[in-house]
Every structure is written in structure tokens, then in C-alpha cells.
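Fold and contact review
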Amino acid sequence: MANLTISAKTAAPPENIKTQALVALLPERKTLAPSLKPLDTLLGGTVSRSLKNGDFAGSIGTHIWLPGAGKIDRVLLVGCGDPGKQTTSSIKKMSETLSRALINSPAADAHIVMDGLTQKLKAPQTLLEQISLQLTLAHYQYSHTLNKRKKPPRSLKRASISPGVLCSMGVARRAILAGSATGHGANLTRELVNLPGNICTPKHLASEARKLARSDASVTTTVLDERKMAELGMHSLLSVGNGSEQPSQLIIIKYQGAASTARPYCLVGKGITFDTGGISLKPGAKMDEMKFDMGGAGSVFGAMKAASLMKLPINIVGVIAAAENMPSGRATKPGDVVTSMSGKTIEILNTDAEGRLVLCDALTYAARFSPVEVIDIATLTGAIIVSLGQEATGIFSNDDHLANSLLSAGERSHDRGWRFPIWEEYHRQLDSPFADLANIGAGGAGSITAACFLSQFAEDYKWAHLDIAGTAFRSAPKGATGRPVPMLVQYLRERAGVL
Ligand code: BES
Ligand code: MN
Ligand code: ZN
């Protein structure tokens, strides 16, 4: 993956700027902002003319290319609406428009100026952060199993942003770092999640974790194999991989950004590298999309990569439960009862409800790190897509403060979530005549009963569960989104006290 580097640059008069693409943000107004006069003059009046002609009005989501002049090859005007009325949503939309236009141009470098904006902007950091994030996300393209001819590499290599009067260079530098670190993390997530199931196996995830540790001195990785997991009594997790030729792996990634005695934040990821449903086999249509079923694991990689790029002063432990869910003569059958690491017995009524089976043992394991808070992330239920579609991640928690932190982190990063209840009454659906609990409920609210199941293994600490089945990937165009990395990174930044 070739990376895009984004930096902060002090403002300069347009005639001194040398770039293949000058990008100017323009507010919604009929006449030229006085601060844009020098650029307009350099370009021979084309900016004011396109405003006057009505070719460009500065509304959110619009852009126009103009030919350059002097040392500027071309100019991209991007509409940013009424600066006084900006929301995280409009800032995100504007940043996406800018990024898409720029990425599709032949420019190898770009310089972004904010001259058209005044200090009226409420959150200049959000703007700089979103531009850096969206540019980095737009720069990603899947290529691992494609011929070069089909997808030539992106032409854009470098971008700089001049905050102008909006904020200090220090604030700009931090916002750009946060945005691009989040973007690089989310792109790592997308790459892992996009990889096909025959390449991205549990062993592959383990080797990627070791790779992360090699690239960063503050990251270490441990992998537990099936024998080790059996010794620990993780028979629920192991039951999922029973039918597969691919051995299950429990992958532990530690990021140390604070004193070794500081209690960590724990991220637990569902890493089903392919989910056929097992003996409760899924229908054939769209089954290929079950290669995305390690989206939770992918987001743990991405969030930890971003945390390490930002050098967040906290400790984080990632625990990834990786397995492949296959039918075979050795596969778990409906009605089988297994004993989890916690000692609780589980009647497996449906082998397609496998995510909770791997996660429950990973959650029990997580307790040994004395975590401040534990968040599990999983493409857990089709039912969450019925409830929330592709817009919001389902949030479930046994702690109001943690749930609210995730909700607000989602708002701030515009990678939003919505909270669901896990009331006692729902738990009754999991009663089993043959075990401590069954792995599916029988009365609707499938995402909630799945979360209720998990909550029974997370009683000893503050815990939240993110159901990302609707948000981690899209069916058209097919591919991983990198969500909920922006939400997780925002949450971690808040916990680290660096906004
Ligand atoms: N991985 C699926 C959930 C899923 C469905 C993710 C669609 C992404 C898109 C999960 O393992 C599963 O199969 N869940 C079942 C649970 C049911 C058997 C209780 C489901 O949602 O149908
Ligand atoms: Mn399943
Ligand atoms: Zn699954």
C-alpha cells in the first residue's frame, strides 16, 4: 500500500505557491470573499466569473475545476456552504467531495487553502481532521489480487494544508496527524477485511499482528494456538473451528503508550475469517460476503495502528478471536453442548450464531488484563441491519458512561452509533433445558439477545459491544468501509485526554 503524506504548511500568497493542484474552500456567497482576491487576480478573474455565471455557488457537495496560472497547474474550488452553519455531517460531506475530485485528477501533489473561510467556523480542527481522514480513505484502493493494469496506483502522493486564519499551525498539525492516523488505521482495517477468505485465514491474521509488532516498538503480539486454548478451557471458541482445516488462533496485541502499571483499555474483535454458518449452513446468495466476518478483528488492528501512529498515552490490549466456521464431519452440530472458559455450559442450537461463541471466551480471557473498559466489536447479527441499516453501529453496554462516551465519539467522528437495551427480560430467551444458556433466542430482537449472551461473560468489568454487521462493509460497491475505526479512535483519544 503506497501511502499519502499530508502536512501543515504556513500560508503564502498564491503567486508563490507551486503545486499541481491548488484546492480552495469557498463559502456559499454570490460575490468573491475579499481574501480570495489575490488568487482570483492570478487566475485572470476565473473564480469571480464562475461565481457570477452561476457555475459554482459554494454549496456543500459541489466542486469545480479551473485551469491554473503561474506555478499552479490547476485549481479545485470546493463548496463548503454557510461556514456559520457547519455540522460534522456537512464537513464530512465537503471533505469527501474534495477528496474524490482530487484523487480522480492526475495531480501528484496538492495544496489546500482555507482563504475563503473566516474565523466564524466553530470547529476548525474538525475540518482539518475530516479533510485529512477523507483524503487518506479516498487514497486507498484494493489491489492485492488484481493486476496492475486493472488498477494503476494513485497519482496523488503528497498534500499540504494551510489553515490560514482558522487556527494555529500547532493545532493544524495535530488535527492533520489525527485525521491521517485514523485514515491509515481504517485503511489497514479495509485491506484485511477485503482480503478473500482463502488468503485471510486465522493464521494470516496472526502473522499480520506480528507484522504490526515489528513495525512499532510499542506494540507486542502473542498468539495462542488450539492446544493452548484447550488448556485454558476455551471450548466454546474451539467448537467454532472444529469443522475447519484452518486452526483457530487467539491473537493478543498490546500497545503500550503509558506506564506499564497503567490499566489498559481492551478491544476484543470477532475474527471469523469465513462464516459458512457451519452445519446450520447459510444460503448460497451473497455468502461470499461472509469473508467480511472478521470486520471486528480488522477494526481492532486499525484502531491500534492509529493509536500507535498518534502515540496515545494509554495502554491498549487487543484480543482477537480468529476461527473459520465450516461444516464437516468434525463440525459442531445443533444441540451440542460445550463448556466455555468461564465454566458456563452452552447449548449450540444454531452453529451460525458462532460469533458469540468465539467472543465469550475472548471476553473471559480479557479479564486477566484488569482492563479499565472492554469493548467488543463484531459483525454479529443480520438483525442489526434490519434495525439500523448501514448508517449506525449498534451499541450495547452494561455501563451508561461508557455507552455515552461511544455515542459521543461517534457523533464527533461522524461514525455514529445507536444504543439498544439489554434488559433482564430479554435474557430469558436464552434459557436452555440442557445448559446454562443457549446460543440463540427465540422471540425476536436478535441483536439484543446476542448482546445479552455476551453480557453474561462480561460481568466483571465495564463493557460495551458494537454490532457492526451493517456498517463494516457495503454490498454495492462491494468492500470494507473501515468502520468503526473513527469512532474507536475518537473514544481512545478522549480516554487518553488528547482531543
Ligand atoms: N456473521 C453473521 C452475521 C451477519 C449477517 C454479518 C449479515 C453480516 C451480514 C453471524 O454469524 C450470523 O450468522 N448471525 C445469525 C444469527 C442467528 C443464527 C441467530 C444471523 O444474523 O442470522
Ligand atoms: Mn454466522
Ligand atoms: Zn458470523
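One numbering rule holds for all chains: residues counted from 1, following each sequence as written. Starting at A for chains and at 1 for ligands, labels are handed out in the order in which the entities are written. Reporting in this predicted model follows two pLDDT cut-offs: at least 70 for local features of residues, and 80 or more for side-chain atom pairs to be given and counted; totals over whole chains, interfaces and linings ignore these cut-offs and use all residues. Computation of side-chain values covers all heavy atoms of the structure but excludes hydrogens and water.

Focus: the pattern of salt bridges
When a carboxyl oxygen of Asp or Glu is within 4 Å of a side-chain nitrogen of Lys or Arg, the pair counts as a salt bridge. Within the structure shown, the criterion is met by 17 salt bridges. A salt bridge links K282 to D275; its shortest N-O distance comes to 3.9 Å. Burial classes follow relative accessibility: with a 1.4 Å probe on protein chains only, a residue under 20% of its type's maximum area counts as buried, one over 50% as exposed, and anything between as partly exposed. The class of K282 is partly exposed, set by a relative accessible area of 22%. Residue D275 is classed as buried on the basis of its relative accessible area, which comes to 3%. A salt bridge links D415 to R483; its shortest N-O distance comes to 2.6 Å. Taken together, the positions of D415 in the loop between helix 12 (400–413) and strand 15 (417–419) and R483 in the loop between strand 19 (478–480) and helix 15 (485–496) put the pair 68 residues apart, joining distant regions of the chain. Look at D415 and you get buried, because its relative accessible area is 2%. In this structure R483 comes out as buried when scored by relative accessible area, which is 16%. Through salt bridges with shared partners, a single ionic network connects K270, D293 and E354. Each helix is a run of H or I in the DSSP string that is no shorter than four residues. Each strand is a run of E no shorter than two, and both are numbered from the N terminus.

Regarding the coordination of the manganese ion (ligand 2)
Taken together, the protein ligands of the manganese ion (ligand 2) are D275 (OD), D352 (O), D352 (OD) and E354 (OE), with distances of 2.0 to 2.2 Å. Any nitrogen, oxygen or sulfur atom within 2.8 Å of a metal ion counts as a donor, with the limit raised to 3.2 Å for Na, K and Ca, and since water is left out, coordination shells can look unfinished. Motif for the manganese ion (ligand 2), donor spacing along one chain: D-x76-D-x1-E. The distance between the manganese ion (ligand 2) and the zinc ion (ligand 3) is 3.2 Å, with D275 acting as a donor to both metals. According to the relative accessible area criterion, E354 is buried, its value standing at 1%.

Some details on the coordination of the zinc ion (ligand 3)
Of the protein atoms, only K270 (NZ), D275 (OD), D293 (OD) and E354 (OE) coordinate the zinc ion (ligand 3), at distances of 2.0 to 2.4 Å. A site with four donors is called tetrahedral when every donor-metal-donor angle falls between 85 and 135 degrees; four donors are called square planar, and six octahedral, when opposite donors sit more than 155 degrees apart and all other angles fall between 65 and 115; any other arrangement is irregular. The site at the zinc ion (ligand 3) holds six donor atoms, and with the angles between them running 78 to 174 degrees, its shape is octahedral. In the primary structure, the donors to the zinc ion (ligand 3) are separated according to the pattern K-x4-D-x17-D-x60-E.

A few points about the sheet that holds strand 5 (residues 109–113)
Here a strand pair is declared whenever DSSP counts at least two bridges between the two strands. Here we have six strands laid out as an open sheet, ordered 1-6-5-2-4-3, and mixed in their pairing. Whereas interior strands pair on both sides, the edge strands pair on one side only; in this sheet they are strand 1 (5–8) and strand 3 (63–69). Each strand of the sheet is rotated relative to its neighbour by a mean of 20 degrees, with strand direction disregarded. Here six bridges tie strand 3 to strand 4 (residues 72–79), and the two strands are oriented antiparallel to one another. The residue of strand 4 that forms the bridge with L66 is V75. This element, helix 3 (residues 88–103), spans strand 2 (22–26), strand 3, strand 4 and strand 5 of the sheet and lies at about 155 degrees to strand 4. A fitted line through C-alpha atoms represents every axis, and for helices the fit uses only the stretch in contact; the resulting angles, taken between N-to-C directions, go from 0 to 180 degrees. Working rule for contacts: check all heavy atoms of both residues, and any pair within 4.5 Å makes them a contact.

Digging into helix 3
Between its first and last C-alpha, helix 3 extends 22 Å over 16 residues, near the 22 Å set by a 1.5 Å rise per residue. Taken residue by residue, helix 3 has S90, I91, M94, S95, T97, L98, S99, A101, L102 and I103 as its buried positions. Buried residues in helix 3 make contact with strand 2, strand 3, strand 4, strand 5 and helix 4 (124–139). Multiply 1.5 Å by the residue count of a helix minus one, and that product is the helix's expected span.

Quick look at the site of ligand 1
Contacts to ligand 1 come from 17 residues, most closely from K282, D293, D352, E354 and G382. In protein, a polar contact requires one atom able to donate a hydrogen and another able to accept it; more generally it is a pair of N or O atoms within 3.5 Å, and residues adjacent in sequence count only if both atoms are side-chain atoms. The separation between an oxygen atom of ligand 1 and a polar side-chain atom of K270 is 3.2 Å. At a separation of 2.8 Å, an oxygen atom of ligand 1 approaches a polar side-chain atom of K282. Every definition here rests on a 1 Å grid over the protein atoms only: cavities are sets of points where a 1.4 Å probe fits but cannot get out, pockets are open sets enclosed by protein on both sides within 12 Å along at least five of seven lines, and lining residues have some atom within 4 Å of a point. Being in a pocket or cavity means that more than half of the molecule's atoms lie within 2 Å of its grid points. Cavity membership is defined here by more than half of the atoms lying within 2 Å of grid points; on that basis ligand 1 lies in the second largest pocket. Under the scheme applied, nonpolar residues are Ala, Val, Leu, Ile, Met, Phe, Trp, Tyr, Cys and Pro; charged residues are Asp, Glu, Lys and Arg; polar residues are all the others, including Gly. Taken together, the residues of the shell around ligand 1 break down into six nonpolar, four polar and seven charged. Nearness here has a simple test: a residue counts as near a molecule or strand if at least one of its heavy atoms is within 4 Å of that partner.

Section: unusual backbone geometry
With an omega of -10 degrees, the peptide bond between A476 and P477 qualifies as cis. Secondary-structure assignment places P477 in the loop between strand 18 (473–475) and strand 19. Geometrically, the link from R483 to P484 is a cis peptide bond, its omega value of 0 degrees lying close to zero. In this structure, P484 sits in the loop between strand 19 and helix 15. Unlike most non-glycine residues, K286 shows phi in positive territory, near 60 degrees. Relative to the assigned elements, K286 resides in the loop between strand 9 (265–275) and helix 9 (295–309). Positive phi is not limited to glycine here, since K311 has a value of about 50 degrees. Structurally, K311 can be placed in the loop between helix 9 and strand 10 (315–325).

Some remarks on the pairing of strand 17 (residues 462–467)
Across the six residues of strand 17, five count as buried, placing the element largely inside the fold. As paired elements, strand 14 (residues 393–397) and strand 17 share four bridges and run antiparallel to each other. Bridging from a neighbouring strand, G394 pairs with D467 of strand 17.

Observations regarding helix 12
Given a rise of 1.5 Å per residue, 14 residues ought to cover 20 Å, and the 20 Å separating the end C-alpha atoms of helix 12 matches this to within 8%. Those residues of helix 12 lying buried are L402, A403, S405, L406, A409, G410 and S413. Angularly, the buried residues of helix 12 cover 160 degrees about the axis, an arc narrow enough to put them on a single face. Against the buried residues of helix 12 lie helix 4, strand 13 (373–378), strand 14, strand 15, strand 17 and helix 15. Near the N-terminus of helix 12, the side chain that reaches the backbone nitrogen of H401, with its oxygen 3.3 Å away, is that of D399. H414 sits one or two positions beyond helix 12 and adopts a positive phi of about 55 degrees. Comment: arc refers to directions from the helix axis out to C-beta atoms.

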